[in-house]
Amino acid sequence: MNLTWGGVDCLELAENFGTPLYVYDTGIIKSRCREIRESFIDRWPNTRARYASKAFLTRSMARLIEREGLGLDVVSLGELHTALSANFPPERIEMNGNAKSHEEIALAVNSGVGRIIIDHPDELRTINHYAQKAGRVQKVLLRVAPGVDAHTHSSIATGQTGSKFGFPAEGPMLLDAIREGESLPNVDVRGLHFHVGSQIFDPSDHVTGLQKTIDLMRDLKHETGFITHELNLGGGFGAVINPAMKPVALADFTDPMMQTLHAKCAEYGLEIPRAIIEPGRWVVSEAGITLYTVENIKELPGVTYIAVNGGMADNPRYALYQAEYHAVKVTDPDAPAYDRDGGTHVSVVGKCCESGDILIEDAKIAYLEAGDVIALYNTGAYTFSMSSRYNRLLRPAVVFVEDGKANVVIERETLEDMLRGDLL
């Protein structure tokens, strides 16, 4: 029996829409959004959730998130424009990022985004300038690096001392930014933001980051009288690599954080700020698969390479930080892994001219032949959004599936698309 996703036969998807193909079960995305509402927003008072759109964003995805009642976290002009073009309510958008341009800040202010997350003191003056011209007061949060070395790959850790993100928790930079922000008439500094990293399975990292930030809240109040009305706790909750694994429950992270927030604020005599989370990968990663066609199989002494018609151009995550994946044969997803010569390693590799173009190293997968279609699980996050035209490969289509129906939300690129803007 063929693999189905969202009630749709994956072989038919490959035949109808081609490969490589990104496929998203929107039913899974909706269930994750429902879990956010039930386990966090409805459970804890004065809370909000923002989907971190860098994980995966199209206009249809923005519309889905809006209908599910969440907000959006965006980090670039393109992400903000995509959200606005889908008529996403700007007051439910927060603008993040560590190197915002004047153009990005101007669009954020003029469109009326709810919050801008400050990463550098210069942004305060730029925001004040555009807010004055627009005749409005822009609410902002200050991002801090709490000094937590999260248990994850170094490339996706963000809260450690010396991070490129945010203001160091120690030293005068944050204090100076608060004082400057409070002196600017068109800026309203509402609170703080922190994020310890991505793809984290141990909630203690988040709790440690929160404890350090609450200590900072106490110190800021004592030193300057600054009150943290809002606190963004970030995201980074882990996503499993195989559907056979038990998904990470959101409450495993948010309950310890909220319990800590309430207890520590009571201990320090602080008002409990509005708490915001911004999960991204956790919402979409397990909802997505990528379909590939096997082009050839090369058997060498000690290693067999299964070469597919995509690779690091549509999924660079293994090349960047050795992301782990699990794949199955679409026409026999339950077939046992084939042991080619009692110890031969099998790797699924791409077609790019790079030795590092690997999708799965030492793969456990059924026997395959050229022309077979395989599905990589857990590719809903940071694949489409990180895709490139390396080797002039065309970006795949994106299909949403649910209840046996399939809809194209991003068309497959054509050769004409590739040459658009390429002038002689």
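None of these values were measured; they are calculated from a predicted model.

Caption draft 1: Focus on the pairing of strand 18 (residues 373-376). Burial along strand 18 is two-sided: Val 373 and Ala 375 and Ile 374 and Leu 376, pointing in opposite directions, are all buried. Of the strand pairs in this sheet, strand 13 (residues 288-300) and strand 18 are connected by four bridges, and their pairing is antiparallel. What sits directly across from Leu 291, in strand 18, is Ala 375. Relative to strand 18, strand 15 (residues 327-329) runs antiparallel, the two sharing three bridges. Its bridge partner being in strand 18, Val 328 is matched across the sheet by Ala 375.

Caption draft 2: Structural detail: the packing of helix 5 (residues 102-111) against helix 6 (residues 121-134). Their axes nearest at 9 Å, the elements helix 5 and helix 6 cross at an angle of 45 degrees. The orientation of helix 5 with respect to helix 6, classified from their angle, is oblique. Taken as a pair, helix 5 and helix 6 cross one another with a handedness that is right-handed. Between helix 5 and helix 6, the contacting residues are His 102, Ile 105, Ala 106, Val 109 and Asn 110 on the first element and Glu 123, Thr 126, Ile 127, Tyr 130, Ala 131 and Ala 134 on the second. Of the residues belonging to the contact of helix 5 with helix 6, the class tally is seven nonpolar, three polar and one charged.

Caption draft 3: Fine view of the packing of helix 8 (residues 204-224) against helix 9 (residues 251-268). Where helix 8 contacts helix 9, the axes come no closer than 10 Å and their chain directions differ by 25 degrees. By the angle class used here, helix 8 and helix 9 are roughly parallel. By crossing handedness, the relation of helix 8 to helix 9 is classed as right-handed. Between helix 8 and helix 9, the residues in contact are His 206, Val 207, Leu 210, Gln 211, Ile 214, Asp 215, Met 217 and Arg 218 and Phe 253, Pro 256, Met 257, Thr 260, Leu 261, Lys 264, Cys 265 and Tyr 268, respectively. Here the residues of the contact of helix 8 with helix 9 are counted per class, giving ten nonpolar, three polar and three charged.

Caption draft 4: Here's a closer look at the environment of Arg 389. Mapped onto the elements of the fold, Arg 389 is located in the loop between strand 18 and strand 19 (397-402). According to the relative accessible area criterion, Arg 389 is partly exposed, its value standing at 30%. The residues touching Arg 389, leaving out its near neighbours within four places in the chain, are Arg 395, Glu 413, Asp 417 and Met 418. Within polar-contact distance, the side chain of Arg 389 engages the backbone oxygen of Asp 417 at 3.4 Å.

Caption draft 5: Expanded view of the environment of Leu 11. Structurally, Leu 11 is set in helix 1 (residues 10-17). According to the relative accessible area criterion, Leu 11 is partly exposed, its value standing at 23%. C-alpha separation for the pair Leu 11 and Ile 374, spaced 363 residues apart in sequence, amounts to 9.1 Å. Excluding residues within four positions of it along the chain, Leu 11 makes contact with Asn 2, Val 330, Thr 331 and Val 373.

Caption draft 6: The pairing of strand 12 (residues 274-277), seen in detail. One ladder, built from three bridges, connects strand 4 (residues 47-52) with strand 12; its direction is parallel. Directly across from Thr 47, in strand 12, lies its bridge partner Ala 275. For strand 11 (residues 230-232) and strand 12, the ladder comprises three bridges, and the chain directions are parallel. Each bridged residue has a counterpart across the sheet, and for Glu 230 the counterpart in strand 12 is Arg 274. Tracing the backbone out of strand 11, into helix 9 and back to the parallel element strand 12 gives a crossover that is right-handed.

Here is what the cut-offs are and how they apply
- Residues numbered from 1 in each chain as written.
- Predicted model: local features only at pLDDT ≥ 70, side-chain atom pairs only at ≥ 80, totals over all residues.
- Heavy atoms only, no water.
- Buried < 20%, exposed > 50% of the residue type's maximum accessible area, 1.4 Å probe, protein only.
- Helix = DSSP H or I, 4+ residues; strand = E, 2+ residues; numbered from the N terminus.
- Pairing = 2+ DSSP bridges.
- Axes fitted to C-alpha atoms, helices over the stretch in contact; angles between N-to-C directions.
- Parallel < 35°, antiparallel > 145°, perpendicular 65-115°, else oblique.
- Left-handed = near helix turned anticlockwise from the far one by under 90°.
- Contact = heavy atoms within 4.5 Å.
- Nonpolar A, V, L, I, M, F, W, Y, C, P; charged D, E, K, R; others polar.
- Polar contact = N/O pair within 3.5 Å; in protein donor to acceptor, adjacent residues only side chain to side chain.
- Right-handed = clockwise from strand over helix to strand, strands pointing away.

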